[in-house]
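Reading the structure
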Amino acid sequence: MRILHTSDWHLGRSFHREDLLSAQAEFVDHLVETVKAERVECVLVSGDVYDRALPSVDAVKLCGEALKRLADHARVVLIAGNHDSAHRLGFGSALMDASGVHVRTDFAAVGEPVVVGDAAIYGVPYMEPELVRHEWELDDRSHAAALAEAMRRVRADAARHPDMRTVVLAHAFVTGGEASESERDISVGGSAHVPASVFDGVDYAALGHLHGRWRITDRVRYSGSPLAYSFSEEKHVKGSWLIDLRADGIAAEFVEAPVPRPLARIRGRLDDLLADPALDRHEDHWLQVTLTDTRRPSAAMERLRRRFPHTLVLGFEPEGGAAEAVRTWSGRVRERSAQDIAGDFVAEVTDGPASDAERALLDEAFQACRRREAMA
């Protein structure tokens with residue numbers, strides 16, 4: 001059987017205020033053409049269909065068109081990611097089953113497969129550990145514990161169908177992949193990392209959440225997002241995995257997606273950047289520019305955009321200076337968790353680090369926010 005694994009569409013997302021909806025529509029065109037040309041039997045969408053729990057009208061319209069067009073040629077199995085509202089995305093799922101679009105957003109149903117040909121396909125949506133821990137009576141509130149219990153249920157059902165292939169969609173941070181700057185942190189409520197061994201024995205695990213394509217093992221892979229959503233993804237190759245399930249294993253081919261505009265990050269003194277002929281190739285790129293002049297140049301963005309009209313982000317790190325003092329706020333917090341940032345705030349306003357009791361209260365508050373988001 002031939003399947004196409006895609007994920008993390010993030011419909012409705014912009015890129016530093018640049019509207020990406022037309023580029024996302026081009027990706028949908030590409031996806032439909034790939035399904036037709038490669039005679040794909042089932043399309044797997046491994047979560048984060050939308051960029052936020054309350055997507056825009058245009059994003060919802062594009063999603064509806066995409067699913068309708070894909071369903072004209074193949075079955076579709078789709079799960080909710082951490083950006084999606086499980087309740088909203090799952091609305092009407094029982095009715096959509098009849099059309100060949102199978103939306104799986106309820107963690108309680110992870111052991112109920114969608115049967116396509118000789119494959120039993122199990123959708124494991126993003127699961128907030130604190131929400132499933134009580135329902136499933138788990139001792140540990142980590143993502144690994146939640147996913148391990150989900151896979152126990154999958155294996156219990158798969159044992160009843162020994163002649164069928166087992167395919168799993170999951171939205172999680174599996175060890176072996178590498179995060180970029182555009183994924184939302186999911187570490188609140190326990191460790192975010194999940195070992196790849198949790199998928200041992202399945203014929204294929206189609207993962208979502210990380211925005212780069214990653215081959216964790218031959219049978220466990222991330223397709224990544226179809227578009228770049230941060231400058232940290234400038235070297236990513238975007239697309240989908242075309243997977244053939246064979247008697248002797250799988251055959252995998254990566255199908256590259258169209259690139260609306262290349263990305264690049266450049267740095268140096270302003271006058272040097274404006275005069276360097278080697279940078280001609282970046283004149284049509286979206287750019288993140290870091291200036292290293294010893295003093296901040298005047299009208300820097302205006303001067304840059306005369307040569308590089310698609311400059312989107314401008315930073316300033318003077319040579320020999322204290323770069324941390326002039327980094328943007330987003331740059332300073334990019335690699336820090338929400339809890340650490342909140343702890344810094346407590347330290348700032350109380351003139352001392354957060355106590356254990358204060359950190360426990362912050363942890364409880366973040367968990368409550370996550371539960372509310374997951375139930376939205």
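Residues numbered from 1 in each chain as written. Predicted model: local features only at pLDDT ≥ 70, side-chain atom pairs only at ≥ 80, totals over all residues. Heavy atoms only, no water.

Under an unreviewed UniProt entry, the name given to the chain is Nuclease SbcCD subunit D, and the source organism is Actinomadura chibensis. UniProt's Function (unreviewed entry) comment on the chain is quoted here verbatim: "SbcCD cleaves DNA hairpin structures. These structures can inhibit DNA replication and are intermediates in certain DNA recombination reactions. The complex acts as a 3'->5' double strand exonuclease that can open hairpins. It also has a 5' single-strand endonuclease activity." Under the UniProt heading Sequence similarities (unreviewed entry), the entry covering the chain gives this text: "Belongs to the SbcD family." (UniProt positions renumbered as here; feature names shortened; annotations may be inferred.)

**Quick notes on the environment of Leu89**
Residue placement: Leu89 occurs in helix H3 (residues 86-89). Leu89 sits 36 residues away from Ala53 along the chain, and the two C-alpha atoms are 8.7 Å apart. (Helix = DSSP H or I, 4+ residues; strand = E, 2+ residues; numbered from the N terminus.)

**Overview of the sheet that holds strand S7 (residues 114-116)**
If you trace the six strands from one edge of the open sheet to the other, you get S7-S8-S9-S12-S14-S13, paired in mixed fashion. If you trace the sheet from one side to the other, it starts and ends with S7 and strand S13 (214-217), each paired once. For this sheet, the mean inter-axis angle between neighbouring strands, taken without regard to orientation, is 20°. Alignment of S7 against strand S8 (residues 119-124), held across three bridges, turns out to be antiparallel. Across the sheet, residue Val116 finds its bridge partner in S8, namely Ala119. Helix H6 (residues 143-158) contacts S8 and strand S9 (165-171) of the sheet and is inclined by roughly 160° relative to S8. (Pairing = 2+ DSSP bridges. Axes fitted to C-alpha atoms, helices over the stretch in contact; angles between N-to-C directions. Contact = heavy atoms within 4.5 Å.)

**Observations regarding the pairing of strand S17 (residues 263-268)**
As paired elements, S17 and strand S18 (residues 286-291) share six bridges and run parallel to each other. Bridge assignment links Arg267 to a residue of S18, and that residue is Thr290. As for the winding sense of the linkage, the β-α-β connection from S17 through helix H7 (residues 270-275) to S18 is right-handed. (Right-handed = clockwise from strand over helix to strand, strands pointing away.)

**Re the sheet that holds strand S15 (residues 239-246)**
An order of S6-S5-S4-S1-S15-S16 is seen for the six strands of this open sheet, with the pairing classed as mixed. At either end of the open sheet lies a strand with only one pairing partner, and these are strand S6 (101-104) and strand S16 (249-256). Mean inter-strand twist for the sheet, computed between neighbouring axes without regard to direction, equals 20°. Here helix H1 (residues 21-37) sits on the sheet in contact with strand S1 (2-6), strand S4 (42-45), S15 and S16, set at roughly 165° to S1. Running at roughly 145° to strand S5 (residues 75-79), helix H2 (residues 57-71) makes contact with S4, S5 and S6 of the sheet.

**A short note on the packing of H1 against H2**
Put simply, H1 and H2 touch, their axes get as near as 10 Å, and they point 10° apart. The orientation of H1 relative to H2 falls into the category roughly parallel. Of H2, the residues touching H1 (which contributes Leu21, Gln24, Ala25, Val28, Asp29, Leu31, Val32 and Val35) are Asp58, Ala59, Leu62, Ala66, Arg69 and Leu70. (Parallel < 35°, antiparallel > 145°, perpendicular 65-115°, else oblique.)

**Points about the pattern of salt bridges**
One side chain can pair with another of opposite charge once the charged atoms of both are near each other. This structure, assessed with the given rule, holds 21 salt bridges. Residues Glu38 and Arg2 are paired through a salt bridge, measuring 3.1 Å at the closest nitrogen-oxygen approach. Of this pair, Glu38 sits in the loop between H1 and S4 while Arg2 sits in strand S1; the two residues are 36 residues apart in sequence, bridging distant segments of the chain. With its nearest N and O atoms 2.7 Å apart, the salt bridge here joins Arg69 to Asp29. With Arg69 in helix H2 and Asp29 in helix H1, this pair connects stretches of sequence that are 40 residues apart. Three or more residues are tied together by salt bridges with common partners; here these are Arg2, Glu38 and Asp244. (Salt bridge = Lys/Arg side-chain N within 4 Å of Asp/Glu carboxyl O.)

**Topic: helix H8 (residues 300-307)**
Along H8, the positions that sit buried rather than exposed are Ala300, Leu304 and Arg307. Along the axis of H8, the buried residues cluster in a sector spanning 60°; they form a single face. Turned more than 90 degrees away from the buried face of H8, the exposed residues are Glu302 and Arg306. Of the surrounding secondary structure, the elements contacted by the buried residues of H8 are H7, S18 and strand S19 (311-316). (Buried < 20%, exposed > 50% of the residue type's maximum accessible area, 1.4 Å probe, protein only. Arc of directions from axis to C-beta.)

**Digging into the packing of aromatic side chains**
Within a pair of aromatic rings, the relevant descriptors are the distance that separates the centres and the angle that separates the planes. In this structure the tally under the stated criterion is five aromatic pairs. When the centroid spacing of 6.4 Å and the interplanar angle of 70° are considered together, the rings of Trp9 and Phe27 count as edge-to-face. Of this pair, Trp9 sits in the loop between S1 and strand S2 (14-15) while Phe27 sits in helix H1, placing them 18 residues apart in sequence. Overall, Trp9 belongs to the buried group, its relative accessible area being 2%. The exposure class of Phe27 is buried, given its relative accessible area of 3%. Ring geometry for Trp241 and Phe254: centres 5.0 Å apart, planes at 75°, overall edge-to-face. One end of the pair, Trp241, is in strand S15; the other, Phe254, is in strand S16, and 13 residues separate them in sequence. Judged on exposure class, the residue Trp241 and its partner Phe254 are both buried. Three or more aromatic residues joined by ring pairs form one cluster here, namely Phe15, Phe231 and Trp286. It is Arg261 that lies over the ring of Trp286; its NZ or CZ is 5.9 Å from the centre. (Phe/Tyr/Trp six-rings, centres within 6.5 Å; stacked < 30°, edge-to-face > 60°. Lys NZ or Arg CZ within 6 Å of the ring centre and 35° of its normal.)

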